[in-house]
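An overview of the molecular structure
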Amino acid sequence: MLVDIRIKIEWFYLILFAGCILIWRQNFPMKKQTAIFVCAFLLLTATCFAQNQLIIRGGLVSSKPEVAPSLGDQSARQGAYVALGYEAGFSELIAFQPEIVYIQKGDKRSGTGFAAESRINYLEVPLLLKIKVPADKLLAYFNAGPAVGFGLSGKQEGNIIGISGSSDIEFGNDANELKPIDISAQFGGGIGYRIGKGAIVADVRYGLGLSNLSNANNGEYKNRALMIGLGFSLPL
């Protein structure tokens, strides 16, 4: 009986959460600020029913930002990431999962007589809604939500007609700098295998940059990143 009541509460919160997002996107009479407040309240009240988990994860990143104007042939750069997450769930089915992620992004470019590679380090804070499908020892899940990234440091290295050089990538408002705040959407999923009260997890995530980080006139720089990682969760 208690389990049935909790499942009904979960679906009520999920539908209400989705409704607030729809209102916010469609500019219905309800103010955006109110919709955001209600969403935040729902996420906070989730912890009242929480079965909490600490999640530690790390893996590889394949990054290829959307850049304009294009200079030469662009290819993905491989990097790494490490993440610390906190899962606060209504039950085994629905959870809210904020994270802190250190991630390496950038790209590679090449053309006639030159080659260049950029490496940019970010600290990201994703806020994810997580839907889980438990099955005995196995667990599948899907997650999605917004993320805020903060540019930490970066470097660009290049070779032009045999002459090598490098320079730091700066963050700011000048035309030759990148904007320091990156707003993105993240979505993906994974599978887990329970070991005792914890679990080993394999996670796949895609980050779709929404912010144009370029300060140049008619310029565009939007991050795109695929993350593949392994980790484990521990009950709290």
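In case you missed it, the structure is sitting above this.
The structure presented is a predicted model; accordingly, all values stated were derived computationally and were not measured.

Reading the values: the criteria
- Residue numbers restart at each chain and count upward from 1, following the sequence in its written direction.
- Side-chain atom pairs in this predicted model are given and counted only at pLDDT of 80 or more, local residue features only at pLDDT of at least 70, and totals for whole chains, interfaces and linings cover all residues.
- The side-chain quantities take in all heavy atoms of the structure and omit both hydrogens and water.
- The rule for a salt bridge is simple: a side-chain nitrogen of Lys or Arg has to be within 4 Å of a carboxyl oxygen of Asp or Glu.
- We count a stretch as a helix when DSSP gives it H or I for four or more residues in a row; a strand needs E for two or more, and each element gets its number in order from the N terminus.
- Per-residue accessibility, obtained with a 1.4 Å probe over protein chains only, is compared with the maximum for each type, and a residue is labelled buried under 20%, exposed over 50%, and partly exposed between these values.
- By definition in these notes, contact holds between two residues if any of their heavy atoms fall within 4.5 Å.

1. Here's the deal with the pattern of salt bridges
On inspection of all chains with the given rule, the structure shows 13 salt bridges. As a salt-bridge pair, R57 and D203 come within 3.9 Å of each other at their nearest N and O atoms. A residue pair is termed long-range when its members are at least 10 positions apart, and R57 in strand β1 (residues 53–63) and D203 in strand β9 (residues 198–209) qualify at 146 residues. On the accessibility criterion, D203 (2% relative accessible area) is buried. Here R205 makes a salt bridge to E99, at a shortest N to O gap of 3.2 Å. Here E99 lies in strand β4 (residues 94–111) and R205 lies in strand β9, a separation of 106 residues in the sequence. In terms of burial, R205 and E99 fall into one category: buried. Through salt bridges with shared partners, one network takes in R57, E99, D203 and R205.

2. Describing the environment of D73
If you trace the backbone, D73 turns up in strand β3 (residues 73–89). C-alpha of D73 to C-alpha of G111: the two residues are 38 residues apart in sequence and 6.1 Å apart in space. Beyond its immediate chain neighbours, meaning those up to four positions away, D73 contacts K108, R109 and S110.

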